[in-house]
Amino acid sequence: MRVITYGTFDLFHEGHRRLLERAKALGDHLIVGVTTENYDNSRGKLNVSQSLMERIRNVQDSGLADEIIIEEYEGQKIRDIQKYGIDIFAIGSDWLGEFDYLKDYCEVVYLERTKGVSSTQLRDQNAGVIRLGVIGSGRIAARFVAEARYVSGVDVRTVFSQHYARAQAFAERFELQHAAQTRDDLFGAVDAVYIASPHGTHYEHTAAALDAGIHVLCEKPMTLSRAQTEELFTRAREREVVLLEAVKTAFAPAFQRMVEVARSGSIGQIRSVDATFTKLVTGGRELESPDGGSISELATYPLLAVVKLLGTDYTTIRTQSLRPEDSEVELFSRIDISYPGAIASARTGLGVKAEGELIVAGTLGYVHVPAPWWLTEYFETRFENPAQNRKYYNTFDGDGLRYELAEFTQMIRGKNLESFKLRAAESLAIADIIERARAGAEFFG
Ligand code: CTP
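Every chain is numbered independently, its residues counted from 1 as its sequence is written. This being a predicted model, a pLDDT of at least 70 is required before a residue's local features are given, and a value of 80 or more before pairs of side-chain atoms are given or counted; all residues contribute to the totals for chains, interfaces and linings. Water and hydrogen atoms were dropped before computing side-chain values, which therefore reflect all heavy atoms in the structure.

A. Region of interest: empty space enclosed by the protein. A cavity here means a set of points on a 1 Å grid, drawn over the protein atoms and nothing else, where a 1.4 Å probe fits but cannot get out; a pocket is an open set with protein on both sides within 12 Å along at least five of seven lines, and a residue lines either one if it has an atom within 4 Å of a point. Grid points are joined across faces, edges and corners, and a volume is the space filled by probe spheres set on the points. Overall, the coordinates contain 1 cavity of 30 Å³ or more when judged by the stated rule. Its volume calculated, the largest cavity comes out at about 40 Å³. If you go around the largest cavity, the residues you meet are Phe233, Leu243, Leu244, Glu245, Met411, Leu417, Glu418, Ser419, Leu422, Arg423 and Ala424. At 3 residues, the largest contribution of residues to the lining of the largest cavity is made by strand β11 (residues 243–246). Looking at the lining of the largest cavity residue by residue, the class counts come to 7 nonpolar, 1 polar and 3 charged. Working definition: helices are DSSP H or I runs of at least four residues, strands are E runs of at least two. Numbering for both runs from the N terminus. Each residue gets one of three labels, nonpolar for Ala, Val, Leu, Ile, Met, Phe, Trp, Tyr, Cys and Pro, charged for Asp, Glu, Lys and Arg, and polar for the others, Gly among them.

Following this line, the structure appears as structure tokens:
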């Protein structure tokens, strides 16, 4: 009898060992499928702490597996069962009923789960729960707290807002332990903070948090000036705390994949990047000077695509902005950026709607990311000969904010002050382009 079972096997524990023993006892050959990081990410397990190699070694060292395979994608079990001539599929009782569809292919056995132990529990014990506070109680803060539930090892404890009553209402709505009366109260109760207050206040809150030795995830744009952003990163390095700009797209799996595909030569040399981000609004802070306008509000996303695809060695920046007579701020802008051998154009619009797509043109073909490209789970490479076109699919769960929070917590746990997904130098370049675009724009009414 041939038996198969699957799992992540992170931080191998007694529950894993007992499950494998009983699975093995069901037959005479046990195959164990270990999940890849990609697959775990795609099914929402964002905080696995050991690498695939380490997890395979865990299973190997148990001495219970006759064969180990890798589980890479949804639906693979059906193929494996047929390919390896499996008689029995075994899995823990936490999955009761979930794998009944495999009964068409083999016998399905649910084994009693060992009580009181799990990888999640061990991860939390090892790393400790990160206590998180939120500054700001607006829409984005609310979305963030809702998404934080999907990232393990993080506990959103408290919130601070300019108006205490709002913080109280927010704490109540999301069942946080308490609302902070003062910012120092909040700093005293947390290890890390997410800053989602109005743009103009980011710098001051971030600087104060860093000085208090608190890790900071700051909503974009972190600041509207290169000098301020640079100063904050220097401060974070000096204090040895994590500072990350919350540009959610940077951490989304499909966006990273798109950057890798585009930069790998598959479309040849990149010659141009065109990215558009527009949003319909009818009033509010976004339309008020001095910090409003389509560039300060929205340019971070298209500029993220530009710097991830073309780097930070741009040479010139030219901006055209439309500011109708009755508006305090520019409402539609085009920032043209040149690089040696390539050009880019970032378009932003407030109260104007355009196709929010991203096109990366290369010497062999182009990448097309359909609207809304900043939330993408799908893109294509396209060529002169359509037979060569290829489609790429990834996941993008929920609002996408879980990915930036997962990265932030991994940086804190791993004591990494930098993420390759969004380097300080890239945040700095984006701040620089935004500052220069706003200051140097040619205005039209
Ligand atoms: N398992 C078990 N008893 C436990 C924990 C896990 O029998 N206490 C079983 C699961 O049911 C599964 C296998 O071990 O069949 C691999 O599970 P895995 O997801 O790797 O382990 P968990 O500890 O459940 O991981 P997590 O906390 O990340 O969900």
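B. Local environment of the site of the ligand. Note on terminology: near, applied to a residue and a molecule or strand, indicates that one of the residue's heavy atoms is within 4 Å of it. The full set close to the ligand counts 18 residues, and Asp94, Thr114, Val117, Ser119 and Thr120 are the nearest of them. In this structure, an oxygen atom belonging to the ligand sits 3.1 Å away from a side-chain N or O atom of arginine 113. For every accessible area listed, the method is Shrake-Rupley and the probe measures 1.4 Å; residues are considered covered only by the protein chains on display. For the ligand, the protein covers 93% of the area, taking 570 Å² as the surface of the free molecule. Looking at the shell around the ligand, the elements that each hand over two or more residues are α1 (14–25), β4 (88–92) and α5 (119–127). Considering only residue class, the shell around the ligand consists of 4 nonpolar, 10 polar and 4 charged. Identification of polar contacts relies on pairs of N or O atoms within 3.5 Å, with a donor-acceptor requirement for protein atoms, meaning one able to donate a hydrogen and the other able to accept it, and with residues adjacent in sequence counted only if both atoms are side-chain atoms.

C. Representation of helix α6 (residues 139–148). The classification of residues rests on relative accessible area computed with a 1.4 Å probe and restricted to protein chains. Under 20% of the type maximum is buried, over 50% is exposed, and intermediate values are partly exposed. All buried positions along α6 are accounted for by Ala141, Ala142, Phe144, Val145, Glu147 and Ala148. Looking at the buried positions of α6, the neighbouring elements they touch are β6 (130–135), β7 (154–160), α7 (164–173), β9 (192–195), β10 (215–219) and α14 (401–414). Whether two residues touch is decided by their heavy atoms; if any such pair falls within 4.5 Å, the residues are in contact.

D. The sheet that holds strand β8 (residues 178–179), seen in detail. Reading across from one edge, β8-β7-β6-β9-β10-β11 is the order of the 6 strands in this open sheet, with parallel pairing throughout. Each edge of the open sheet carries a strand with a single partner, namely β8 and β11. Where β10 meets β11, 4 bridges bridge the pair, whose relative direction is parallel. Residue pairing for β11: glutamate 219 is matched across the bridge by alanine 246. To obtain an axis, a line is fitted to C-alpha atoms, over the contacting stretch when the element is a helix, and the angle between two such axes runs from 0 to 180 degrees between their N-to-C directions. Against the sheet, helix α9 (residues 199–211) engages β6, β7, β9, β10 and β11, with an angle of about 170° to β10. Being paired, for any two strands, means DSSP has found at least two bridges between them.

E. Focus on the environment of methionine 1. Its place among the elements puts methionine 1 in the segment before β1 (2–7). Along the backbone, methionine 1 and histidine 29 are 28 residues apart, and their C-alpha atoms lie at a distance of 6.7 Å. Setting aside anything within four residues of it in sequence, one finds methionine 1 in contact with Leu26, Gly27, Asp28, His29, Asp87 and Ile88.

F. Representation of unusual backbone geometry within the structure. Cis geometry is adopted by the peptide bond preceding proline 290, which originates at serine 289 and carries an omega value of 5°. Tracing the backbone shows proline 290 in the loop between β12 (270–279) and α12 (294–298). Proline 372 follows alanine 371 through a cis peptide bond whose omega is -10°. With respect to the helices and strands, the residue proline 372 is situated in the loop between β17 (365–369) and β18 (378–383). A positive phi angle, close to 50°, is found at leucine 11, a residue other than glycine. Mapped onto the secondary structure, leucine 11 falls in the loop between β1 and α1.

G. Quick look at the pairing of β11. Of the two faces of β11, the one lined by Leu243 and Glu245 and the one lined by Leu244 and Ala246 are each fully buried. Read from β10 through helix α10 (residues 226–239) to β11, the crossover connection turns out right-handed. Throughout, right-handed denotes a crossover for which the path from the first strand over the helix to the second runs clockwise when the strands point away from the viewer.

H. View of the sheet that holds strand β20 (residues 442–444). As summarised here, the arrangement of the 9 strands in space is β19-β18-β17-β16-β12-β15-β14-β13-β20, forming an open sheet in which the pairing is mixed. The two strands at the open ends of the sheet, each matched to only one other strand, are β19 (390–393) and β20. Sheet twist, expressed as the average angle between the axes of neighbouring strands with direction ignored, equals 10°. Pairing geometry for β18 and β19, over 4 bridges, is antiparallel. Across the sheet, residue glutamate 380 finds its bridge partner in β19, namely lysine 391.

I. Fine view of the pairing of strand β13 (residues 316–322). Residues of β13 alternate between two faces, with Ile317, Thr319 and Ser321 buried on one and Thr316, Arg318, Gln320 and Leu322 left unburied on the opposite face. As paired elements, β13 and strand β14 (residues 332–339) share 7 bridges and run antiparallel to each other. Paired with serine 321 across the bridge in β14 is serine 333. Of the strand pairs in this sheet, β13 and β20 are connected by 3 bridges, and their pairing is parallel. Across the sheet, residue glutamine 320 finds its bridge partner in β20, namely glutamate 442.

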